[in-house]
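Spelled out from the first residue to the last, the chains are:
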Amino acid sequence: MPMKPGDIEDMIKAGIPGAKVTIRDLAGDGDHYAAEVVAEAFRGKTRVQQHQMVYEALKGNMGNVLHALALQTSAPQD
């Protein structure tokens, strides 16, 4: 069963408190999404570390229930 965009957003926000999350369905099939995540927790971290934090927040759903997620991550602009 595909994940809903709201579920993805909720999981990321729960795993990265204070994150601003925008989810887009790329294919309309519930399996391919893009996520933009802006969080203070990303400050000073590499892009790989930021993405790992998002995958960790998704609790094993990435590559399983959630087939594809294009990620854009950043710390907030000052």
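Heads up: these notes are all about the structure in this document.

Quick notes on the rules
Residues numbered from 1 in each chain as written. Predicted model: local features only at pLDDT ≥ 70, side-chain atom pairs only at ≥ 80, totals over all residues. Heavy atoms only, no water. Helix = DSSP H or I, 4+ residues; strand = E, 2+ residues; numbered from the N terminus. Rg over C-alpha atoms; globule rule 2.2 N^0.38 Å. Buried < 20%, exposed > 50% of the residue type's maximum accessible area, 1.4 Å probe, protein only. Contact = heavy atoms within 4.5 Å. Lys, Arg positive; Asp, Glu negative; His and termini not counted. Charge placed at Lys NZ, Arg CZ, Asp CG, Glu CD. Arc of directions from axis to C-beta. Pairing = 2+ DSSP bridges. Axes fitted to C-alpha atoms, helices over the stretch in contact; angles between N-to-C directions. Polar contact = N/O pair within 3.5 Å; in protein donor to acceptor, adjacent residues only side chain to side chain.

Take the overall build of the protein next. From N to C terminus, the protein includes 2 helices and 3 strands. Over its C-alpha trace the protein gives a radius of gyration of 12 Å, about what one expects of a compact globule, namely 12 Å for 78 residues. With respect to the three principal axes, the spread of C-alpha positions in the protein is 35 × 20 × 20 Å. Relative to its full complement of 78 residues, the protein shows a buried share of 35%. Contacts spanning at least 24 positions in sequence make up 56% of the contacts within the protein whose residues lie at least 6 apart. Side-chain charges of the protein comprise 8 positive and 10 negative groups, with the mean position of each set lying 5 Å from the other.

Residues Gln50, His51, Val54 and Ala57 constitute the buried set of helix α2 (residues 47–57). All buried residues of α2 lie within an arc of 120° about the axis, which places them on one face of the element. Summarising the geometry of α2, the exposed residues directed more than 90 degrees from the buried face are Val48 and Glu56. Lys59 sits one or two positions beyond α2 and adopts a positive phi of about 50°.

The next subject is the sheet that holds strand β1 (residues 20–25). Read from one edge of the open sheet, 3 strands run β1-β2-β3, paired in mixed fashion. Since the sheet does not close on itself, it has two edges, and those belong to β1 and β3 (68–74), each with one partner. On average, each strand axis in the sheet is tilted by 15° relative to the strand beside it, whichever way the strands run. In this fold helix α1 (residues 5–15) packs onto β1 and β2 (32–38), with an angle of close to 155° to the strand it touches most, β1. Seen against the sheet, α2 touches β2 and β3 and runs at an angle of roughly 125° to β3.

So, about the side chain of Thr73. Relative to the assigned elements, Thr73 resides in strand β3. When its relative accessible area of 4% is taken as the criterion, Thr73 is described as buried. Side chain to side chain, Thr73 and Gln50 meet in a polar contact 2.6 Å long. Those residues within four positions of Thr73 in sequence are excluded, and the remaining contacts are Val37, Phe42, Arg47, Gln50, His51 and Val54.

Moving on, we come to α1. Residues lying three or four places apart along an α-helix face the same way, a consequence of the helix completing one turn every 3.6 residues. Those residues of α1 lying buried are Ile8, Met11 and Ile12. All buried residues of α1 project into a common sector of 95° when viewed along the axis, lining one side. Those residues of α1 that are exposed and aimed more than 90 degrees away from the buried face are Asp10 and Ala14.

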